[in-house]
Amino acid sequence: MSGSKTPSGSSASRCPQRTDAAGNLLLGSYPVLTLCAPEHRDLADDDLIYYARLDAVDGVAPKGLIALHVPDTDEAFYFDAPTGLNEGEYPILRFDYNDGSSTHFVDSFALFLETLVRPT
């Protein structure tokens, strides 16, 4: 994987992208979270609401952040809901599990996709 600079100036690695059999976007082997049908929500580990419920009970990310991409590594990406909408979008934060810090990553979901997903 090659490193690149994000719009916020931090280093990021582009993950190989692919989709699974159901058409869900994967970065490496980890899903970008989505909204599942309500009847599957309690079993779907790639559901936004499932992760929001987990974070509300025992999450390590600051309160109010909405999980977007949570790979099994030292970082995760969250919608920054407490900051509020900016031109109809929540900014994306990068959360560092090693030290508990969060930093601005990009200003929109589209930029998140361009930065981490879109091949160069």
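Parameters at a glance
Residues numbered from 1 in each chain as written. Predicted model: local features only at pLDDT ≥ 70, side-chain atom pairs only at ≥ 80, totals over all residues. Heavy atoms only, no water. Helix = DSSP H or I, 4+ residues; strand = E, 2+ residues; numbered from the N terminus. Buried < 20%, exposed > 50% of the residue type's maximum accessible area, 1.4 Å probe, protein only. Contact = heavy atoms within 4.5 Å. Areas by Shrake-Rupley, 256 points an atom, 1.4 Å probe, with all protein chains shown as cover.

A. Seen up close, the overall build of the protein. Within the protein, the regular secondary structure consists of two helices and nine strands. Its helices and strands in sequence order give the protein the pattern β-β-β-β-β-α-β-β-β-β-α, from N to C terminus. Looking at the protein as a whole, 34% of its 120 residues qualify as buried. For the protein, the proportion of contacts with a sequence separation of at least 24, taken over those separated by at least 6, is 27%. Accessible surface, the protein: about 7000 Å² in total, of which carbon and sulfur atoms supply 52%.

B. Main features of the environment of Ala 37. In this structure, Ala 37 sits in the loop between strand E5 (30-31) and helix H1 (48-58). Given the relative accessible area of 30%, Ala 37 is considered partly exposed. Taking the C-alpha atoms as reference points, Ala 37 and Asp 47, separated by ten residues in sequence, lie 9.0 Å from one another.

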